[in-house]
Every structure is written in C-alpha cells, then in structure tokens.
Amino acid sequence: MIQPDLTLDTLGLFCPMPIILTSKKMKQMQVGQVLEVLSDDEGIKKDMPAWCKSSGNECLDLLQEGKVFKVYVRKAKG
C-alpha cells in the first residue's frame, strides 16, 4: 500500500482540470514526496501517465475503486 504525503481531491472535475491541479500541487511538494490524486474522470487513466512522462514525474500506481480513480504520483525532480 502506497502512503501518500498529500491527497488532491479532483472529484467532479473533468480534463484538463485534474492534471492542471496536480501540476500546481506538485510544484509545492518536495522531491520524493507522493501525491494521491482522486478523480472520477475516466480520462485520468491515460492523461495522468502521459503527464507524468512529459513532466518527468513518476506514476507509481493507478487504482479504481468503484467510480473513483486513485493515482499515486512521486515528484521526481525539482
């Protein structure tokens, strides 16, 4: 089980807002910290891994619990 340092609730928001809010939150975090992003937008399944790849951050896991997606992102660089 991944223990996040912070949780970002983007429930009810649709692309691109979960990614925009994740990007803003990651800028406030320290390298190595893990952010848990909660989303009910199915687009997060492809958008978050793509954003992580382009931003240099690490997508640790993507879980689905009912209609809620939980994505764990580690800040990889400052």
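The coordinates are above.
Remember, it's a predicted structure, so these values are computed and weren't measured experimentally.

Moving on: the nonpolar core. Membership of the largest hydrophobic core comes to 13 residues, with the highest contact counts inside it found for Met26, Leu35, Ile44, Met48, Trp51, Val71 and Val73. Apart from residues no more than four positions distant in its own chain, Leu35 is found in contact with Leu6, Thr7, Leu8, Thr22, Lys25, Met26, Met29, Val71, Tyr72 and Val73.

The N-to-C vectors of helix H1 (residues 17–27) and helix H2 (residues 44–55) enclose an angle of 35°; their axes lie 10 Å apart at closest approach. Crossing of H1 over H2 shows right-handed handedness. On H2, the residues that touch Pro18, Ile19, Thr22, Ser23 and Met26 of H1 are Ile44, Asp47, Met48 and Trp51. Taken together, the residues of the contact of H1 with H2 break down into 6 nonpolar, 2 polar and 1 charged.

Next up on the list: unusual backbone geometry. Pro16 follows Cys15 through a cis peptide bond whose omega is 10°. Its location among the elements puts Pro16 in the loop between strand E1 (6–9) and H1.

Once that is clear, we can look at the pattern of salt bridges. Tallying each qualifying case throughout the model produces 4 salt bridges. One salt bridge connects Lys45 with Glu42, and the closest N-O pair in it is separated by 2.9 Å. Given the relative accessible area of 37%, Lys45 is considered partly exposed.

A few words on the sheet that holds strand E2 (residues 34–39). Strand order in the open sheet formed by 4 strands is E1-E2-E4-E3, with mixed pairing between adjacent strands. Edge positions in the open sheet fall to E1 and strand E3 (58–65), since each of these has one partner strand only. Within the sheet, the average angular offset between the axes of one strand and its neighbour, ignoring direction, is 20°. Strand direction decides the pairing type here: E1 and E2, joined by 4 bridges, are parallel. Paired with Thr7 across the strands is Glu36, a residue of E2. Contacts between H1 and the sheet are confined to E1, E2 and strand E4 (68–74), with E2 contributing the most and set at about 160° to the helix. Here H2 sits on the sheet and contacts E2, E3 and E4; the angle it forms with E4, its principal contact strand, is near 5°.

Rules and cut-offs
Residues numbered from 1 in each chain as written. Predicted model: local features only at pLDDT ≥ 70, side-chain atom pairs only at ≥ 80, totals over all residues. Heavy atoms only, no water. Core = buried A, V, L, I, M, F, W, Y, C linked by side-chain atoms within 4.5 Å. Buried < 20%, exposed > 50% of the residue type's maximum accessible area, 1.4 Å probe, protein only. Contact = heavy atoms within 4.5 Å. Axes fitted to C-alpha atoms, helices over the stretch in contact; angles between N-to-C directions. Helix = DSSP H or I, 4+ residues; strand = E, 2+ residues; numbered from the N terminus. Left-handed = near helix turned anticlockwise from the far one by under 90°. Nonpolar A, V, L, I, M, F, W, Y, C, P; charged D, E, K, R; others polar. Salt bridge = Lys/Arg side-chain N within 4 Å of Asp/Glu carboxyl O. Pairing = 2+ DSSP bridges.

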